[in-house]
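# A closer look at the structure
Here's the letter readout for the chains.
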Amino acid sequence: MVRALFPSLAGLLPLVMFLLMGCGRSPPKGEVRRIEAHRLQIETPAGWTGGGAGGTYEFHSPDGTGRVRIAGLEGVSGAVGLKESQLLAGTGATVVKRLLPTSPVKIGVLMGERIRVATSDQRVYEVIALAVPVGEKKAVVLIQASVSADHAEKEPAAADGLFTMLRQSIRPLGASSGPD
């Protein structure tokens, strides 16, 4: 009886291996953007366009509904305890309502905080502030992802999915990246 089962179990081995290999990290669904100036990389959804100049990088969806802006925050040395105006620096927006409270975030070896807010420019932002090593010092980098308030209201799962995808795709570059 055992001998009769062995050939059939051996036949299942390729299927089991395929299933186990398929459970690993899925390949990127968009484009991986290397932000060398801030020693980070982030994946944007397929079809997003944009680029960077002067240390500020901006990418947006084809319809303009989704955006992500990555820039350094001058004049601060830590990414914790920042004011809302600092977290929204460069956007021209002010907070109308907090949607998620400020909470700690860890990306690889980088520490910081994140917040989700509705703003005066009719957008919903999820902002991640990270302390990134630059030589002997640390610089603060803001990753400001946003969607239109209308999109967030009509398709909350899609908006949340975008924020989650962007947040989970952030990786430190270089020697400071360490294990995730």
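Just so you know, these numbers come straight off a predicted model, no measurement behind them.

With that out of the way, let us pick up unusual backbone geometry. The phi dihedral of R39 is positive, around 55°, even though this residue is not glycine. Relative to the helices and strands, R39 resides in the loop between β1 (30–35) and β2 (40–45).

Our next topic: the nonpolar core. In terms of nonpolar packing, the biggest core is built from 25 residues, with L40, V68, I70, L130, I143 and I170 touching the most fellow members. Secondary-structure elements contributing two or more residues to this core are β2, β4 (56–60), β5 (66–73), β6 (95–107), β8 (123–134), β9 (137–148) and α4 (156–169).

All right, on to the environment of W48 then. Of note, W48 is situated in the loop between β2 and β3 (49–53). Overall, the relative accessible area of 7% leaves W48 in the buried class. Separated by 10 residues in sequence, W48 and E58 place their C-alpha atoms 10.0 Å apart.

Rules of the game
The residue numbers shown here count from 1 along each chain, following its written sequence. Restriction of local features to residues with pLDDT of at least 70 applies here, the model being predicted, together with a cutoff of 80 or more for giving and counting side-chain atom pairs; totals for whole chains, interfaces and linings are based on all residues. The side-chain figures draw on all heavy atoms in the structure; neither hydrogens nor water molecules are used. Note on conventions: DSSP H or I runs of at least 4 residues are helices, E runs of at least 2 residues are strands, and numbering of each starts at the N terminus. In this text, buried Ala, Val, Leu, Ile, Met, Phe, Trp, Tyr and Cys residues form a nonpolar core when linked through side-chain atoms within 4.5 Å. Only protein chains enter the accessibility calculation, which uses a 1.4 Å probe; a residue is then buried when its area is under 20% of its type maximum, exposed when over 50%, and partly exposed in between.

Remember, this is a structural readout, not a statement about activity or role.
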